[in-house]
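Geometric and topological summary
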Amino acid sequence: QVQLVESGGGLVQPGGSLRLSCVASGRFLSTSVMPWSWHRQSPGKQRDLVASITSGGDTKYAASVKGRFTISRDNAKSTVYLQMNGLKSEDTADYYCKLFGEIRNYWGQGTQVTVSS
């Protein structure tokens, strides 16, 4: 079984920055060959893809965050990060990491990000 634990969420003023982390633990060989992604969900809305990173390090971003957010990974630590700069009120949501495993996909429990003055 694989567990994902996110951290780094919180309250930040507009224009501020946060760095989210998601660490994988449990029984698996290595996350280095697995893609990761970050998603977010606001109350009453569907969960949307924010950013993704392949095992080779190729990244993709939603148009709404491109140029402000950066996804990265540390295979040695089985961790994926989401650096969020220039935060806006519309970035307020619960953020979830996702690991694309060999047999199934795994989700973290979510971390809340609130952008407000």
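In this text, all values refer to a predicted model and were calculated from it rather than measured experimentally. (Residues numbered from 1 in each chain as written. Predicted model: local features only at pLDDT ≥ 70, side-chain atom pairs only at ≥ 80, totals over all residues. Heavy atoms only, no water.)

1. Some thoughts on the pattern of salt bridges
What counts here: For this analysis, a salt bridge means a side-chain nitrogen from Lys or Arg found within 4 Å of a carboxyl oxygen belonging to Asp or Glu. Put simply, DSSP H or I for four residues or longer makes a helix, DSSP E for two residues or longer makes a strand, and each gets a number counted from the N terminus. Each residue is assigned to one of three classes by its accessible area relative to the maximum for its type, calculated with a 1.4 Å probe on protein chains only: buried under 20%, partly exposed between the two thresholds, exposed over 50%.
Tallied over the entire structure, the rule returns two salt bridges. We note a salt bridge from R68 to D91, for which the minimum N-O separation is 2.7 Å. Residue R68 is located in the loop between β6 (59-61) and β7 (69-74), and its partner D91 is located in the loop between β8 (79-84) and β9 (93-100); the two are separated by 23 residues in the primary sequence. For the pair R68 and D91, a shared accessibility class is recorded, and that class is buried. Within the structure, one salt-bridge network assembled from shared partners comprises R40, R68 and D91.

2. Observations regarding the pairing of β8
Each regular strand displays side chains that alternate between the two surfaces of the sheet. Filter applied, for reference: Strands were regarded as paired on the criterion that DSSP finds at least two bridges between them.
Among the six residues that make up β8, five are buried, leaving the element largely enclosed by the rest of the structure. Note that strand β3 (residues 18-26) and β8 share six bridges and pair antiparallel. Paired with S21 across the two strands is Y81, which belongs to β8. Relative to β8, β7 runs antiparallel, the two being bridged by six bridges. Its bridge partner being in β8, R73 is matched across the sheet by V80. A loop of four residues connects β7 with β8, the two strands running antiparallel in sequence, and S78 in this loop sits at a positive phi of about 50°.

3. Considering the packing of aromatic side chains
For any pair of aromatic rings, the description rests on two quantities: the centre-to-centre distance and the angle between the ring planes. Basically, it comes down to this: By convention, a stacked pair of Phe, Tyr or Trp rings (six-membered ring in the case of Trp) has centres within 6.5 Å and planes under 30 degrees apart, an edge-to-face pair has planes over 60 apart, and any other such pair is tilted. As a reminder, the over-ring test applies to NZ of lysine and CZ of arginine, requiring each to be within 6 Å of the ring centre and within 35 degrees of the ring normal.
Overall, the coordinates contain zero aromatic pairs when judged by the stated rule. Its end group placed over the ring of W107, R47 keeps NZ or CZ at 4.7 Å from the ring centre.

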